[in-house]
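# Geometric and topological summary
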Amino acid sequence: MERTAIRRRLTWQVGTVTEVRAETSTARTVVLDVPDWPGHLAGQHLDVRLTAPDGYHASRSYSIASAWTGTTIELTVEQVPDGEVSPYLVDVLKVGDPLEVRGPVGGWFVWKPEQEGPIQLIGGGSGVVPLMAMLRAHAAAASTTPSRLLYSVRGPASVIYVADLKELAASDDVDITFAYTREAPPGEQRSPARVDAELLKAVTFQPEDAPTTYVCGPTPFVEAVADLLVAAGHDPARVRTERFGPTGGPR
């Protein structure tokens, strides 16, 4: 059974697009039905492959945005200028189209309901995608584990999952803080600025709380935040990071 599951993860499968949703002007969620999907953990990613008429293949890794239930999976893709794959996924792909996927991949940057201790999520830009999968898994499991999200974005128009985050923020399930780096909305008390030590101390779980912290985003963002957390006294073994971009992994 274990070998069968491994083969499924390593084999390209064809999913069918059942829904597409615009998240921002440059980001889109694609919902896929993959009949032989083996299931996944919150935080894992998969590979997407496009094939041109001449046989040329282009593949990229994308974080899974949905919780683990059923054969339906969601990907939220932000368009990369001059990219090979993301422009097609954001602007061209439509309901009914096939899409080749392979996975799931990854076992370190994941959250499981049986984990002990609070969970601290820190995302930069589209790095919020695997963190949203964790929040959705947290809700699906009716987990009582304390959780917080710090989401760094350029401005209000760049926020992915606006409706979902508003709903979560209005509940008692998770504390959500936005850090705007270029343009803050009216009434925002903090001036636009990058995530710094002062903000981390004010809104995230502290070292004595022994949280597992997940940091995802562009490589410079992730490295800066991870360094700040360790400097503040967090156990490096409990700070899990995932980078994307030219020197990173999933997008």
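Read on for a plain summary of the structure. Predicted model only: the values in this text are computed from it and were never measured.

Formed by 30 residues in total, the largest nonpolar core has its most connected members in Met134, Leu149, Tyr151, Tyr161, Leu165 and Tyr214. Examining the composition of this core, we find that eight residues originate from one element, helix α3 (residues 128-140), more than from any other. Setting aside residues up to four positions removed in sequence, Met134 forms contacts with Ala42, Gly43, Phe109, Val110, Trp111, Leu121 and Tyr214. Counting residues in each nonpolar core, the second largest holds 20 residues, with Val17, Tyr62, Val90 and Val101 among its members.

Here the amide bond leading from Gly103 into Pro104 is cis, since omega sits at 5°, within 30 degrees of zero. Locating Pro104 in the fold gives a position in strand β6 (residues 98-105). With phi around 65°, Tyr161 is a residue other than glycine that occupies positive phi space. Tracing the backbone through its elements, the reader meets Tyr161 in the loop between β8 (147-153) and α4 (162-169). You will see that Ala210, though not glycine, has its phi angle at about 55°, which is positive. Tracing the backbone through its elements, the reader meets Ala210 in the loop between α5 (197-203) and β10 (212-218).

Calculation criteria
Numbering of residues starts from 1 in every chain and runs along the sequence as written. Per-residue local features are limited, in this predicted model, to residues with pLDDT of at least 70; the limit for side-chain atom pairs, both in listing and counting, is 80 or more; totals at the level of whole chains, interfaces and linings are taken over all residues. Heavy atoms from the whole structure form the basis of all side-chain values; hydrogens and water molecules are not counted. Only buried Ala, Val, Leu, Ile, Met, Phe, Trp, Tyr and Cys residues count toward a nonpolar core, and they belong to the same one when joined by side-chain atoms within 4.5 Å. Only protein chains enter the area calculation, which uses a 1.4 Å probe; residues under 20% of their type maximum are buried, those over 50% are exposed, and those in between are partly exposed. Segments assigned H or I by DSSP are reported as helices when at least four residues long, segments assigned E as strands when at least two residues long, and all are numbered from the N terminus. For this analysis, residues touch if any pair of their heavy atoms sits within 4.5 Å.

Honestly, that's just the spatial picture; any functional story needs more than this.
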